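Results of the structural survey
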Amino acid sequence: MLKRQENKQAANHNTVTEVNISSTESMEHENNEINHIDVDMMMTTISNSSVETRITQHPIKKDAECYAKPETEDVSLETDKVTVINLIKSDSELSTMTGLQSFTLLNTIVEVLEKSYPKTFEKSNLKAKGNVIMTYMRIKQNMSYSALAILFQISPKHCQRIFVKTLGMLKITLKAMIDWQSRVTISRNLPNYFKGYEDVRVVLDCTEIHIQHTKCLECQMSTFSQYKGGLTVKFMTGVSPLGSITYVSKMYGGKSSDTAIFNQSSLIQLLERGDAIMVDKGFLIEATCQKNGWKLYRPAYLRDKQFSKFDADNCCDIAKARVHIERSNQRLKVFQLLSSTVSCELHPLLEDIFIVICATVNLSSPIIAVKNFMHNTVNTPNESIEINPG
């Protein structure tokens, strides 16, 4: 009996061992099949990829080599760079972004700058065209340097340097577009609205621009405007009956009156005896006009409860003539930098900015149509663009 039990246990042990061995062999066979399938899938993926891959043994790289950027990364960024210059396609888009009415005007300004300052734009990444567009976008849209840096893909400090430098060059180049016109030019090109005012040489008006508060108390006192109720600076502009800006004064504080600005301006040296000036009620310059032999057209003040017939007709005629001149001043406020509060950093540049804007308005389309002039032959200053370098 004992021998029979020992024989059965030995047989069972052999069967269990055989089962374990066979199961182990089957698991190894399955693992080999799985590994074989994984290798096949990897090889298939590698062979189907567009990049040729070679399996070789490489030495261990140093940390500097592992974290080094590939050489192709910078190249791809340069080739894929898209700036706002490439996105402006039409004249309307250019006018919306910069205030320049056409690409013809833009290319003319760029060409003159390149001739006047050939060495300035040689090393510039944006070239002259990009610098001019950025400068006008800063003025027209009142965009910050950080926003311009995103659009032009350069640093904000670089944008600031480009704006300040290009603005100075534009001021020197375009200042000639604000030209004092002779009597003969004005008399040959009088609009119908100035019938009865043929002797008017210039129409005067003052423009106030809000500025940011400064820490200097003296500056706050000189720039506070009671009319605007805040800190402002003032420019006096002279517009000819043609509708073009012919005179721009220096910058004054908002505290200065229109009369004081006129008496201190260089316009007194430009006017001749026998000329007429058209102003609004803020200019109290009767004594100065009588002293120099100038005629003054100004709306009458209401002294009684009602205007006389002569005063009422005179006010209506002056208003009809001035309304078209006001359109020229309104074009200045299209540039949002002038219609908003100017930051302190731009205070030293405001005079140059205002001159560039006035010259740009003169280079735009004429305000008064040719059919509204008294004579058939009209030589408006905006029909042909000729900018003399320097």
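Treat the numbers as computed from the prediction; the structure is a model and nothing was measured.

Attention now goes to the overall build of the protein chain. When you go through the protein chain residue by residue, the secondary structure sums to 17 helices and seven strands. A burial count over the protein chain gives 38% of its 390 residues as buried. For the protein chain, the share of sequence-separated contacts (at least 6 apart) that also reach a separation of at least 24 residues comes to 63%. Looking at the protein chain as shown, the accessible area adds up to about 23800 Å², and 53% of this sits on carbon and sulfur atoms.

Under the defined criterion, the tally for this structure stands at zero disulfides. Unpaired in this structure, Cys-344 has its nearest cysteine sulfur neighbour in Cys-219, at a distance of 9.6 Å.

Within the largest apolar cluster, 71 residues are counted, with the highest numbers of intra-cluster contacts made by Ile-109, Tyr-136, Phe-152, Phe-194 and Met-278. No other element matches the nine residues that helix H17 (residues 350-362) contributes to this core. The residues touching Tyr-136, leaving out its near neighbours within four places in the chain, are Met-97, Thr-98, Leu-100, Ile-109, Leu-170, Leu-174, Phe-335, Val-356 and Thr-360. Counting 18 residues, the second-largest nonpolar core is a separate cluster that includes Phe-262, Ile-268, Leu-271 and Cys-289.

Residue pairs spaced three or four apart in an α-helix point in one direction, given the helix's 3.6 residues per turn. Taking 1.5 Å of rise per residue, the 14 residues of helix H6 (residues 103-116) would be expected to cover 20 Å, and the 20 Å separating its terminal C-alpha atoms lies within 8% of that figure. Phe-103, Leu-105, Leu-106, Ile-109, Val-110, Val-112 and Leu-113 are the residues of H6 that are buried. Residues of H6 that are buried make contact with helix H5 (91-98), helix H7 (127-140) and helix H9 (156-174).

Across the protein chain, the average pLDDT comes to 79, with 75% of residues at or above 70. Predicted confidence in the protein chain is weakest over helix H3 (residues 71-79), with a mean pLDDT of 36, and strongest over H17, with 96. Contacts from residues 1-6, a stretch scored under 50 in pLDDT, to residues over four places away or in other chains number zero contacts. When the criterion is pLDDT under 50, residues 13-80 qualifies, and its contacts beyond four places in sequence or with other chains add up to two contacts.

Of note in this structure, Lys-127 is not a glycine but carries a positive phi near 65°. Here Lys-127 is to be found in helix H7. Not every positive phi belongs to a glycine, and Asn-142 is a case in point at roughly 55°. Its place among the elements puts Asn-142 in the loop between H7 and helix H8 (145-152).

What follows is about the side chain of Arg-298. Following the sequence through the fold, Arg-298 ends up in the loop between strand S7 (295-297) and helix H15 (309-332). A distance of 2.8 Å separates a polar side-chain atom of Arg-298 from the backbone oxygen of Phe-283. For Arg-298, the side chain forms a polar contact with the side chain of Glu-286, separated by 2.2 Å. Residues contacting Arg-298, with those up to four places away along its chain left out, are Val-279, Asp-280, Lys-281, Phe-283, Leu-284, Ile-285, Glu-286, Asn-314 and Ile-318.

With that settled, consider H9. For H9, spanning 19 residues, the distance from its first C-alpha to its last is 26 Å, which sits close to the expected 27 Å at 1.5 Å a residue. Looking at the buried positions of H9, the neighbouring elements they touch are H6, H7, H8 and H17.

The next subject is the pattern of salt bridges. Two side chains of opposite charge can pair, provided their charged atoms sit close to one another. Under the definition given, this model contains nine salt bridges. Note that Lys-171 is salt-bridged to Asp-352, the shortest N-O span being 4.0 Å. Taken as a pair, Lys-171 in helix H9 and Asp-352 in helix H17 lie far apart in primary sequence, 181 residues in all. Judged by its relative accessible area of 22%, Lys-171 is partly exposed. By sharing partners, the salt bridges in this structure join Arg-183, Arg-201, Glu-272 and Asp-275 into a single network.

Calculation rules
Residues numbered from 1 in each chain as written. Predicted model: local features only at pLDDT ≥ 70, side-chain atom pairs only at ≥ 80, totals over all residues. Heavy atoms only, no water. Helix = DSSP H or I, 4+ residues; strand = E, 2+ residues; numbered from the N terminus. Buried < 20%, exposed > 50% of the residue type's maximum accessible area, 1.4 Å probe, protein only. Contact = heavy atoms within 4.5 Å. Areas by Shrake-Rupley, 256 points an atom, 1.4 Å probe, with all protein chains shown as cover. Disulfide = S-S within 2.5 Å. Core = buried A, V, L, I, M, F, W, Y, C linked by side-chain atoms within 4.5 Å. Expected span 1.5 Å × (residues − 1). pLDDT = per-residue confidence, 0-100. Polar contact = N/O pair within 3.5 Å; in protein donor to acceptor, adjacent residues only side chain to side chain. Salt bridge = Lys/Arg side-chain N within 4 Å of Asp/Glu carboxyl O.

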